[in-house]
Amino acid sequence: MRKTALAIAATASIAVAGISAPLAEASGGLHVTVSPTKPAVGQTVKIKGTGAIKNYKHYICILAIDKPGVTPGASLGDINDNVNASSNAQGVVRCKLPFLPFKGIYKGKSISCPPTKAQKRQGWYCGAAIANLNNHKQFKIGRFTF
């Protein structure tokens, strides 16, 4: 699982750094929603992605921290907890993950999920992401509302 999470983070990093595309374009048409949007510790988070490649087996779901303008990377994902996922004939990906608070590192600083008030003021947020392991244009985070 750790290798898969690192691969997705590296893929997302390449996508954002190499293309410099707006987020909507970088997601490759993928749209992600999470439920509940403010999970309690240990609560199962349902993740749904639409606009995925139909009948495709190379997706992953992972909890992640993000901020506009920051390149996603392994240090900002919960690499200890992720699941492989597939899309159905309609291009829908569904997966579930337990929500457990975690910390990421950005430029040597610890960033929390859920973010602190100071981190929120700086633009940090966290959520659940779905990514295509073979197409770096398909990476999208559904935001939590902490």
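This report concerns the structure included in the present document.

The rules behind the values
- For every chain, the first residue of the written sequence is number 1, and numbering continues from 1 onward in sequence order.
- Reporting in this predicted model follows two pLDDT cut-offs: at least 70 for local features of residues, and 80 or more for side-chain atom pairs to be given and counted; totals over whole chains, interfaces and linings ignore these cut-offs and use all residues.
- Values shown for side chains rest on all heavy atoms present in the structure; no hydrogens or waters enter the calculation.
- The term disulfide is used for any two cysteine sulfur atoms that are within 2.5 Å.
- The helix count covers DSSP runs of H or I at least four residues long, the strand count covers runs of E at least two residues long, and both are numbered beginning at the N terminus.
- Under the scheme applied here, a residue whose accessible area is under 20% of the maximum for its type counts as buried, over 50% as exposed, and between as partly exposed, the area being computed with a 1.4 Å probe on protein chains only.
- Residue contacts are defined here by distance: any two heavy atoms, one from each residue, within 4.5 Å place the two residues in contact.

## Comments concerning the state of the cysteines
- For the structure shown, the criterion picks out two disulfides.
- Here Cys61 pairs with Cys95 through a disulfide, and the sulfurs are 1.8 Å apart. Negative torsions about the S-S bond denote left-handed disulfides, and the value of about -85° found for Cys61 with Cys95 makes this one left-handed. Of this pair, Cys61 sits in strand β3 (residues 59–66) while Cys95 sits in strand β5 (residues 93–98), and the two are 34 residues apart along the sequence.

## Some words on the side chain of Asp81
- Mapping Asp81 onto the fold places it in strand β4 (residues 77–85).
- Residue classification places Asp81 among the buried positions, given a relative accessible area of 18%.
- The residues touching Asp81, leaving out its near neighbours within four places in the chain, are Ile62, Leu63, Leu97 and Pro98.

By themselves, these are just geometric observations and shouldn't be taken as functional.
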